[in-house]
Each structure stands twice: as structure tokens, then as C-alpha cells.
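# Structure assessment
These are the residues of each chain, in order.
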Amino acid sequence: MTVKILHLYPDLLNLYGDKGNIECMRRRLEWRGIDAEVVTYTCDDSGFDLSDVDIVFIGGGSDREQKIVCHRLLEHKNELKDYVENNGVLVAVCGGYQLLGKYYKLEEETIEGLDILDIYTEQGKKRLIGNIVLEADFTDEKIVGFENHGGRTYIGNHTPLGRVLYGFGNDEKAGVEGVIYKNVVATYLHGPLLPKNPALCDYILTNAVRGKNPEIKELSPLNDTLEKTANEYIVNRFKK
Ligand code: GLN
């Protein structure tokens, strides 16, 4: 089996090295004897084919970069929407997360989103920056990371990725972070999200592998001693 991972527009959306998450997915598949093929579309590419893609990854970017990339993404709005509705796996981080919603309202303009999620984002006064710890329903492992966003995202009736134990989260007030919708994981957690959170990475990979072969219920376990130790260290550091 080969899992095909499509990395969308890393030339613009790669703040804090979100790209490392691709390497993490690739390695965790390969350690289990599953091949991974990584394909990259940059803003110079005109083609767009999601037909045999198993995981789409969209990273984060500054407001300026989001403005540029939103036009490219909107050209493929229907394909991306169909992909998600047909249970395609999509991981979107920060700026990419905001672009999955209806819009991102800045002080002087509004960036149109893909309308894949029934959410919207508005720029707030101060930036929400710092470490963050979440608890999620699908794993006992806490999800740890770093957030840095000016936007506040309002997720309406969507299911969040997790409840905030430490940090700000979607809109600073609701106490939740991210969205899980079908096989979409959308989050403000930047940089090495998946290396720091092996359970989240495996949740994403399991959905992708099951999409190819529904007989496979779960992935074989890996020795995650180092990953879990690093994760727990952060959880204990910020525990109240
Ligand atoms: N530009 C967006 C914001 O500030 C997203 C930033 C990011 O991807 N870190 O809210």
C-alpha cells in the first residue's frame, strides 16, 4: 500500500516549519512498512488532481500570504469540498484552518474562505501567542503545541479538536481548540504538531489507511517512548 500525501502551497504556507509534519507522517507510515508518496503543489502549479490523494496538508501563514493563497485555493473550492465530503483526510494548520471557513475578517478587508467548515474568523486586538495543552476525546494522550494567531475562530456547532487545559484556543473564550469534521483535523497548533503528538498523527494516518482498505482497523503500535516522554514533559510543565 502507498499512502499519497499532498502538501498544498508550502511555498507560502509553511510558518514555523509546518512542513515537518509531512516528514512525521511519512516516517510513521514507513516504520510500519507502508510506503508514502509526497506530492507538492506550489503557487506556480496549475494542475490539481485529488483523485488518488489520501492526505491533504495545508500549513499556516501570515495574513499577507493567506491573501495570496486564498485565490489559488478558491479556484479549487469544489474539488476540495467534494474531497472532504467523500471522507478525504485533510489536515489544516492555523492560516490553513482559517481558510477552510467562510471568511477571515481583517481590520480593512475580508479574506474569503473555502466554506468547507461552517466557521468564521475575525481579527482580534492582541495576538494569542504561547504554549497550549488540550485534551481530546479520541486519545488519552494530551495534545501539546504552540499557537500564534491574531484571528479568533468561531466554530458554531462543529466539534472541536479538543478542550483547552492551558492556552487560548479558537477564540480565547470558548475553551476549545480546532475542529474535527469527518476526516478533517483543523487546528491553530503550529510547527511540530505531529512529532509532539504521536496519537494525533496516528489518528490521522489510521483514517487515511482505512480509507484505502476498510479491513484495516488499526495501525501496528510503534515504540513511542521518546515522543511520549517529550509530550508528558510539556503537559507537566503547564499543568495547573
Ligand atoms: N494570519 C493568521 C492570524 O494571525 C494566521 C497566522 C498563522 O498561520 N500563524 O490569525
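Residues numbered from 1 in each chain as written. Predicted model: local features only at pLDDT ≥ 70, side-chain atom pairs only at ≥ 80, totals over all residues. Heavy atoms only, no water.

## Some details on the overall build of the chain
- If you tally the helices and strands in the chain, you get 7 helices and 12 strands.
- In terms of overall dimensions, the chain is globule-like: its C-alpha atoms have a radius of gyration of 17 Å, near the 18 Å expected for 240 residues.
- Projected onto the principal axes, the alpha-carbon positions of the chain cover approximately 50 × 50 × 30 Å.
- Out of the 240 residues belonging to the chain, those deemed buried represent 53%.
- In the chain, the share of contacts with a sequence separation of at least 24, taken over all contacts with a separation of at least 6, comes to 69%.
- For the chain, the distance from the average site of its 29 positive side-chain charges to the average site of its 38 negative ones is 5 Å. (Helix = DSSP H or I, 4+ residues; strand = E, 2+ residues; numbered from the N terminus. Rg over C-alpha atoms; globule rule 2.2 N^0.38 Å. Buried < 20%, exposed > 50% of the residue type's maximum accessible area, 1.4 Å probe, protein only. Contact = heavy atoms within 4.5 Å. Lys, Arg positive; Asp, Glu negative; His and termini not counted. Charge placed at Lys NZ, Arg CZ, Asp CG, Glu CD.)

## Looking at the site of the ligand
- Around the ligand lies a shell of 16 residues, among which Asp63, Gln66, Cys94, Gly151 and His190 are the nearest.
- For the ligand, a nitrogen atom lies 2.4 Å from a polar atom in the side chain of Asp63.
- The separation between a nitrogen atom of the ligand and a polar main-chain atom of Asn148 is 3.0 Å.
- Here the ligand loses 98% of its free accessible area of 290 Å² to cover by the protein chains.
- For the shell around the ligand, the element with the highest residue contribution is strand β8 (residues 143–154), accounting for 4 residues.
- Taken together, the residues that form the shell around the ligand break down as 3 nonpolar, 11 polar and 2 charged. (Near = heavy atom within 4 Å. Polar contact = N/O pair within 3.5 Å; in protein donor to acceptor, adjacent residues only side chain to side chain. Areas by Shrake-Rupley, 256 points an atom, 1.4 Å probe, with all protein chains shown as cover. Nonpolar A, V, L, I, M, F, W, Y, C, P; charged D, E, K, R; others polar.)

## As for the sheet that holds strand β12 (residues 184–187)
- Reading across the sheet, the 6 strands line up as β2-β1-β3-β4-β12-β11 and stay open at both edges, with mixed pairing between neighbours. Single-partner strands in this sheet number two, and they are β2 (35–41) and β11 (179–181). Across this sheet, the average inter-strand angle for adjacent strands is 15°, counted without regard to direction.
- Inspection of the sheet shows strand β1 (residues 2–8) paired to strand β3 (residues 55–58) by 4 bridges, in the parallel sense. Paired with His7 across the bridge in β3 is Phe57. (Pairing = 2+ DSSP bridges. Axes fitted to C-alpha atoms, helices over the stretch in contact; angles between N-to-C directions.)

## A look at the side chain of Arg72
- Assignment of secondary structure puts Arg72 in helix α2 (residues 63–75).
- Looking at Arg72, its side chain comes within polar contact range of the main-chain oxygen of Cys43, at 2.3 Å.
- The contact partners of Arg72, leaving out residues within four places of it in the chain, are Tyr9, Cys43, Asp44, Asp45 and Ser46.

## Some remarks on the layout of surface pockets
- Looking at the largest pocket, its volume works out to about 170 Å³.
- Forming the walls of the largest pocket are Arg32, Asp202, Tyr203, Thr206, Asn207, Arg210, Lys217, Glu218, Leu219, Ser220 and Pro221.
- Counted by class, the lining of the largest pocket contains 3 nonpolar, 3 polar and 5 charged residues. (1 Å grid on protein atoms, 1.4 Å probe; cavity = no way out; pocket = protein on both sides within 12 Å on 5 of 7 lines; lining within 4 Å. Points joined across faces, edges and corners; volume = space filled by probe spheres on them.)

## Some details on the environment of Leu15
- For Leu15, the position within the fold is in the loop between β1 and α1 (20–30).
- We classify Leu15 as partly exposed; its relative accessible area is 30%.
- In this structure, the C-alpha to C-alpha distance between Leu15 and Phe138, residues 123 residues apart in sequence, is 27 Å.

## Side note on a negative patch on the surface
- Taken together, the side chains of Asp49, Glu79, Asp82 and Glu85 make up a negatively charged region of the molecular surface.
- Considering the arrangement of structural elements, one finds Glu79 in helix α3 (residues 77–85). (Patch = residues over 30% accessible without salt bridge, like charges linked within 9 Å, V, L, I, M, F, W, Y side chains within 5 Å. Salt bridge = Lys/Arg side-chain N within 4 Å of Asp/Glu carboxyl O.)

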